[in-house]
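Descriptive analysis of the structure
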Amino acid sequence: MIFKLEHSINQRINLPETYGVELYIKREDRIHSFISGNKYRKLKYNLQQAQHLGFKTLLTFGGAYSNHIAAVAAAGQAFNFKTIGVVRGEELQNKISQNSTLSFAENEGMQFEFVTREAYRNKTSESFLNHLENQFGSFFVIPEGGTNDLAVKGCEEILNKTDKDFNFICTAVGTGGTISGLINASNQNQQILGFPALKGDFLKEDIIKFATQSNWKLITDYHFGGYAKINEDLIGFINRFKADSNVPLDPVYTGKMMFGIFNLIENGYFPKGSKILAIHTGGLQGISGMNTLLKKKNLPLIK
């Protein structure tokens, strides 16, 4: 998977000199309009493997506004795969046109299988996958969120030689694949900080499965209640950050991560002289769906 587009660059974020630290953001969101950020990294070797094994169809899983669903659909269109999305929530079946993520994926050629939340919990069971294979024929399975060994291998390529001078590498965390790749590619004297989008410490076990070093930590104070949860403080931060830096952030992952980083900087978490690199993992397609929810709640919109 090679895109002739802008390379990922490290953009400096202006901070008051009194903080005594430097902050940069790696613009992985610029890799591709729809297969962007960590989704490109996670899919790269999975798609190569699917091609190598002769599969013509990709099957994956996700929720109503899943970045992963959108990225797999776009990748299928770009690289000549049929795609199937197993989507959590039967009630969405007749609401595709009202959902920006699902309508985009459908326009990219993705077929859907909408299932109950109970069935979705058993989505990796042999009986469930056999049922899908009887329905759709053979397919290459990409897990929910895209995280597996091949995805971690792709995420190890996020960091390059120019990133070795950073003391802290920060990333949002969903399923643990991106942070695992960053951990594996980092120097031992660098600390990798993960900002989970979900409540709880359960992600540690998932990360340990893939990570080869112990120079990492999860910062669990900035999830705002979970995936689809947001408040006016976060909305205001995202809009101010865009106005100040011209960098758009999504409300589920990168917005919460950057909010957390700024809060930690303001409270003196990072030693003076630290160089901090935040990874922009993309996910900007989710802004439209979130704004739909914000309108219903009469809250300010993300610009």
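The protein chain goes by Pyridoxal-phosphate dependent enzyme in an unreviewed UniProt entry, where it is assigned to Neotamlana sargassicola. Here the protein chain is described in UniProt, under the heading Cofactor (unreviewed entry), as follows: "pyridoxal 5'-phosphate".

All told, the structure shown has 9 salt bridges when counted by the stated rule. Measuring nitrogen to oxygen at the nearest pair gives 3.0 Å for the salt bridge that ties Asp163 to Lys26. With Asp163 in the loop between helix H6 (149–155) and strand S7 (168–173) and Lys26 in strand S2 (residues 22–26), this residue pair connects regions lying 137 residues apart in the sequence. Of the residues examined, Asp163 reaches a relative accessible area of 1% and is grouped as buried. Shared partners join several salt bridges into a network, and the residues in it are Arg88, Lys123 and Glu144.

What follows deals with the environment of Gln191. Tracing the sequence through the fold places Gln191 in strand S8 (residues 191–196). We classify Gln191 as partly exposed; its relative accessible area is 28%. Taking the C-alpha atoms as reference points, Gln191 and Asn167, separated by 24 residues in sequence, lie 6.4 Å from one another. Ignoring any residue separated from it by four or fewer positions in sequence, one finds Gln191 in contact with Asn167, Phe168, Ile169, Asn215, Trp216 and Lys217.

Let us look at the UniProt feature "modified residue: N6-(pyridoxal phosphate)lysine" (unreviewed entry) in the protein chain. Those residues carrying the UniProt feature "modified residue: N6-(pyridoxal phosphate)lysine" (unreviewed entry) are Lys39 in this numbering. Among all residues touching Lys39, those that are not within four sequence positions of it are Asn67, His68, Ala71 and Gly145.

What follows covers the pairing of strand S5 (residues 111–115). Put simply, side chains in a regular strand alternate between the two faces of the sheet. Across the 5 residues of S5, 4 count as buried, placing the element largely inside the fold. Relative to S5, strand S4 (residues 82–88) runs parallel, the two sharing 5 bridges. Along S5, the bridge assignment pairs Gly85 with Phe112. Each parallel crossover has a hand, and the one from S4 via helix H3 (residues 100–107) to S5 is right-handed.

The next subject is the nonpolar core. Counting residues in each nonpolar core, the largest one holds 36 residues, and the members touching the most others are Leu23, Phe195, Met258 and Ile261. When residues of this core are traced back to their parent elements, those giving at least two are S2, S7, S8, helix H9 (232–245), helix H10 (254–266), strand S10 (275–279) and helix H11 (286–296). The leading source of residues in this core is H10, at 6 residues. If we skip the residues at most four places from it in the chain, Leu23 touches Gln11, Arg12, Ile13, Leu15, Met258, Ile261, Phe262, Ile265 and Ile276. Within the second largest apolar cluster, 27 residues are counted, among which are Ile31, Ala50, Leu58 and Ala64.

Calculation rules
- Residues numbered from 1 in each chain as written.
- Predicted model: local features only at pLDDT ≥ 70, side-chain atom pairs only at ≥ 80, totals over all residues.
- Heavy atoms only, no water.
- UniProt positions renumbered as here; feature names shortened; annotations may be inferred.
- Salt bridge = Lys/Arg side-chain N within 4 Å of Asp/Glu carboxyl O.
- Helix = DSSP H or I, 4+ residues; strand = E, 2+ residues; numbered from the N terminus.
- Buried < 20%, exposed > 50% of the residue type's maximum accessible area, 1.4 Å probe, protein only.
- Contact = heavy atoms within 4.5 Å.
- Pairing = 2+ DSSP bridges.
- Right-handed = clockwise from strand over helix to strand, strands pointing away.
- Core = buried A, V, L, I, M, F, W, Y, C linked by side-chain atoms within 4.5 Å.

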